[in-house]
Amino acid sequence: MEFQKTPEATESERLISEIRDCRICANNLPHEPRPVVQFSQSASILVAGQAPGRRVHETGVPFNDPSGDRLRDWMGIDRKTFYDPQKINIVPMGFCYPGTDPGKGDLPPRPECADTWHPRLMEHLANVDLILVIGAYAHRYHLGAKTSTRLADTVERFQDYGPRQFPLPHPSPRNRRWFAQHPWFEQRVIPALRRRIKEMLAT
C-alpha cells in the first residue's frame with residue numbers, strides 16, 4: 001500500500017524547502033547561503049542555537065562539529081537520536097554561517113533569519129515542550145526580559161525558566177575558560193539537563 005503523507009508532514013517539507021531556498025542575506029555573507037535547519041511538527045524538543053560554524057556550512061549537517069559533540073554529551077544522547085527530526089528540532093538564530101571576524105571567532109547570527117522565519121516556525125512547532133536555549137543571542141530572543149545581564153547568571157538560574165525553557169552556554173571549544181570558571185555548570189546543570197532530556201524522550 002502506498003504511504004500517504006499527512007498534511008502536517010507536507011507542511012513541514014514545504015517550510016523546510018522555503019527556508020533552504022532563502023537568500024535574503026546573500027549580499028551580507030562571504031559565501032553562498034546554505035541554510036541549515038532540522039525540524040518536524042512531531043518533535044517535542046527544540047535546540048535553539050546561534051548560527052552554523054564553518055564545518056556545519058560545509059557539510060550541511062547541524063552541530064556536526066566539536067560543539068555538537070559536547071552538546072550531545074551534555075544531553076546524554078547519541079548522534080542517531082540527535083539527528084532524528086521526529087525527536088529533535090534544530091533551529092538556530094541564524095540559519096547560515098555568518099563568516100568570521102579575524103582574531104575573534106565567528107560573526108554574530110544574521111538578524112534576517114529570526115525576523116523573517118522564527119515567528120512562522122515557532123507557530124509551526126506547537127508540539128515543542130522543551131527548548132534548549134543556547135548562547136546569548138538565543139537567550140535574548142527566547143527568554144526576553146527574563147534574561148540576566150550576565151550569561152552565567154541566566155544559566156545558573158536554569159530552574160527559573162522550566163519546565164519549557166532550559167538556558168545553556170554555547171558548547172564551543174572556545175568556551176573552555178568559561179567552563180573552568182563555573183564548575184557548578186557540570187556539577188548541577190548538566191545532570192538536570194540529562195534528566196529532563198531523558199524524560200522528554202521517554203514520553
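Residues numbered from 1 in each chain as written. Predicted model: local features only at pLDDT ≥ 70, side-chain atom pairs only at ≥ 80, totals over all residues. Heavy atoms only, no water.

> In this structure, what is going on with helix α3 (residues 66-75)? I would like to understand it.
Among all positions in α3, only S67, G68, L71, R72, W74 and M75 are buried. When α3 is viewed along its axis, its buried side chains cluster within an angular range of 155 degrees and face the same direction. Note on α3: the residue one or two positions beyond its end, G76, has a positive phi of about 75 degrees. (Buried < 20%, exposed > 50% of the residue type's maximum accessible area, 1.4 Å probe, protein only. Helix = DSSP H or I, 4+ residues; strand = E, 2+ residues; numbered from the N terminus. Arc of directions from axis to C-beta.)

> What is the right way to look at the sheet that holds strand β6 (residues 165-168) in this model?
Adjacent strands of a sheet pair through backbone hydrogen bonds, lying either parallel or antiparallel. Strand order in this open sheet of four strands is β2-β1-β5-β6, and the pairing throughout is parallel. Looking at strand neighbours, the two that pair on one side only are β2 (88-90) and β6, the edges of this open sheet. Pairwise comparison of adjacent strand axes, ignoring direction, gives a mean angle of 20 degrees for this sheet. With four bridges connecting them, strand β1 (residues 45-48) and strand β5 (residues 130-134) associate as parallel partners. Paired with I45 across the two strands is L130, which belongs to β5. Helix α9 (residues 184-202) rests against β1, β5 and β6 of the sheet, and its axis sits at about 145 degrees to β6. (Pairing = 2+ DSSP bridges. Axes fitted to C-alpha atoms, helices over the stretch in contact; angles between N-to-C directions. Contact = heavy atoms within 4.5 Å.)

> Please clarify how the pattern of salt bridges should be interpreted in this entry.
When charged atoms on two side chains of opposite charge get close, those side chains can pair. Under the counting rule described, the total for this entry stands at eleven salt bridges. Among the salt bridges present, the one from R120 reaches E11, with a minimum N-O distance of 4.0 Å. Here R120 is found in helix α5 (residues 111-124), whereas its partner E11 is found in helix α1 (residues 7-20), with 109 residues between them in sequence. R110 is paired through a salt bridge with E112; the nearest N and O atoms lie 2.9 Å apart. What makes E112 buried here is its relative accessible area of 18%. Beyond isolated ion pairs, a larger network of salt bridges with shared partners links E11, R14, E18 and R120. (Salt bridge = Lys/Arg side-chain N within 4 Å of Asp/Glu carboxyl O.)

> What's the story with the packing of aromatic side chains in this structure? I'm lost.
To describe a pair of aromatic rings, one takes the distance between the centres and the angle between the planes. For the structure shown, the criterion picks out nine aromatic pairs. Ring geometry for F82 versus Y83: centroids 5.1 Å apart, planes at 85 degrees, classification edge-to-face. Comparing F82 with Y83, the two get one shared label, buried. Note on F158 and F166: the rings are 5.1 Å apart at their centroids and 25 degrees apart in plane angle, and the pair reads as stacked. You can call F158 buried: its relative accessible area is 7%. Within the aromatic cluster, the residues linked to one another by ring pairs are W74, W178, F179, W184 and F185. (Phe/Tyr/Trp six-rings, centres within 6.5 Å; stacked < 30°, edge-to-face > 60°.)

> What is the right way to look at the nonpolar core in this model?
The nonpolar side chains of a soluble globular protein tend to be buried, and buried together. Counting 29 residues, the largest nonpolar core has V47, M75, F82, L132, F166, L168 and F185 as its most contacted members. Looking at this core, the elements that each hand over two or more residues are β1, α3, β2, β5, α7 (151-156), β6, α8 (176-181) and α9. Residues within four places of F166 in sequence aside, it is in contact with L130, I131, L132, V133, F158, V189, A192 and L193. By size, the runner-up hydrophobic cluster in this structure holds 22 residues, among which are A48, C113, A114 and V133. (Core = buried A, V, L, I, M, F, W, Y, C linked by side-chain atoms within 4.5 Å.)

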